[in-house]
Amino acid sequence: MFFLFTFLGYLGILLFYLIGHRITRYTDKVKILGINIFPWILLYPSLHMYTVMIGKDPLVLLGIALCGYSLTYAGIKKIYLFMGLLILLIIRPHIAIVFLASLVVSFLISSEWNVIQKSILFIFSLVLGIASIPYVIAFFRIEEFSLTAIQLMIEVNTGNVDDATTFVDMTSYPLILKMFTFLYRPLFIDSPNVLLLEYSAENLFFLILSLNFLRLPFFQWISKQSIFLKFALIYSLIGTMVLCNGFSVFGLFIRQKTMVFLFLLTLIFGFIHYRNSRYNHPISSSQNKSI
């Protein structure tokens, strides 16, 4: 049984490697100071700590990987998307909702769809969203459809406690600081043991990589990219906003952020590869060939 769950987690990481492989135009070149960090960065311990254990995490990783991989094709591989969404709906339904919402927003801001298609999608999504609220309330067993109720549901389902030694009181934090804490902490000042020191080193490196988003060319670059890269940005933002309000323990940060951080990494890979190769044209999914 342990081997089975480990294998499922391995398939998830393998699919993210294939996503990065396609984004880098099949070159696997993502260089920092002349050193190629891809795909070796996918071997970081924090990405495998929980995704090799018996539990939900390997299945969730496989689900989001299938969904993400389906978007790297020009025609969207619907079978991969359906399989991934089915896994997420069964195990992490709130992540499935975040995924679908991010996908809708990605299509609405994309230049690949015309105004009529976007209008139909918007109206259909709005009607479907309003109609599904009673079912969402019943499914999550909450009394009202609100961010506070959903946060409480997430905390209860994950066993969030405020007496843990690595608890962080974020009640007074603004949203941007909560998102930063969720993605990039613990750092060295938060680490009372050797394991958290190792995670701190990883987070510091991830933070340095994320500084690429502050470059002006990033905004010019992302506006010209395919659906997948726009989706990776939107999903990372929405997913982080949802999850950062549901956890206050470093161990849960490390465990849960895998669901969004791998998409953030693929976005970083794409942009660094663009800078390395000095391409001025977008990474178009229509140019991708089947793997």
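For clarity, every value in this text was computed on a predicted model and none was experimentally measured.

Further remarks concern the packing of helix 2 (residues 57-70) against helix 12 (residues 258-277). Their axes nearest at 10 Å, the elements helix 2 and helix 12 cross at an angle of 35 degrees. The interaxial crossing formed by helix 2 with helix 12 has right-handed handedness. Contact residues: helix 2 offers V60, L61, I64 and G68, while helix 12 offers T258, M259, L262 and F263. Residues belonging to the contact of helix 2 with helix 12 are distributed by class as follows: six nonpolar, two polar and no charged.

All right, on to the nonpolar core then. Within the largest apolar cluster, 71 residues are counted, with the highest numbers of intra-cluster contacts made by F99, Y235 and L265. A per-element tally of this core places helix 12 first, with 13 residues. Apart from residues lying up to four places away in sequence, Y235 is in contact with I64, I95, V98, F99, S102, T240, M259, V260 and F263.

This part is about the packing of aromatic side chains. All chains considered together, the criterion is met by 25 aromatic pairs. The interplanar angle of 65 degrees and the centroid separation of 4.9 Å between the aromatic rings of Y235 and F263 together place this pair among those described as edge-to-face. On the criterion of sequence distance, the pair formed by Y235 in helix 10 (residues 227-243) and F263 in helix 12 is long-range, its members being 28 residues apart. With respect to burial, Y235 and F263 carry one shared label: buried. Ring pairing ties together the aromatic residues F16, F99, F228, F231, Y235 and F263, which thus form one cluster. The ring of Y73 is capped by K77, whose NZ or CZ atom sits 4.9 Å from the centre of that ring.

Bringing the packing of helix 10 against helix 12 into the picture now. Close contact between helix 10 and helix 12 brings their axes to 8 Å; oriented N to C, the two are set at 145 degrees. As helix 10 runs across helix 12, the sense of the crossing is left-handed. Counting all contacts with helix 10, which are made through F228, L229, F231, A232, L233, Y235, S236, G239, T240 and L243, the residues of helix 12 involved are M259, V260, F263, L264, T266 and L267.

With that settled, consider the pattern of salt bridges. This structure, assessed with the given rule, holds one salt bridge. When the shortest N-O distance is used, the salt bridge between D57 and R255 registers 2.8 Å. Of this pair, D57 sits in helix 2 while R255 sits in helix 11 (residues 250-256), placing them 198 residues apart in sequence. D57 gets classed as buried once you look at its relative accessible area, which sits at 10%.

Let us look at the side chain of T24. Inspection of the secondary structure puts T24 in the loop between helix 1 (2-23) and strand 1 (31-32). We classify T24 as buried; its relative accessible area is 0%.

Within the protein chain, residue pLDDT values average 80, and 83% of them lie at 70 or more. Per-element confidence in the protein chain is highest for helix 2, whose mean pLDDT is 92, and lowest for helix 6 (residues 147-158), whose mean pLDDT is 56. In the model, residues 279-291 has pLDDT below 50 throughout and makes 37 contacts with residues more than four positions away in sequence or in other chains.

Calculation notes
- Residues numbered from 1 in each chain as written.
- Predicted model: local features only at pLDDT ≥ 70, side-chain atom pairs only at ≥ 80, totals over all residues.
- Heavy atoms only, no water.
- Axes fitted to C-alpha atoms, helices over the stretch in contact; angles between N-to-C directions.
- Helix = DSSP H or I, 4+ residues; strand = E, 2+ residues; numbered from the N terminus.
- Left-handed = near helix turned anticlockwise from the far one by under 90°.
- Contact = heavy atoms within 4.5 Å.
- Nonpolar A, V, L, I, M, F, W, Y, C, P; charged D, E, K, R; others polar.
- Core = buried A, V, L, I, M, F, W, Y, C linked by side-chain atoms within 4.5 Å.
- Buried < 20%, exposed > 50% of the residue type's maximum accessible area, 1.4 Å probe, protein only.
- Phe/Tyr/Trp six-rings, centres within 6.5 Å; stacked < 30°, edge-to-face > 60°.
- Lys NZ or Arg CZ within 6 Å of the ring centre and 35° of its normal.
- Salt bridge = Lys/Arg side-chain N within 4 Å of Asp/Glu carboxyl O.
- pLDDT = per-residue confidence, 0-100.

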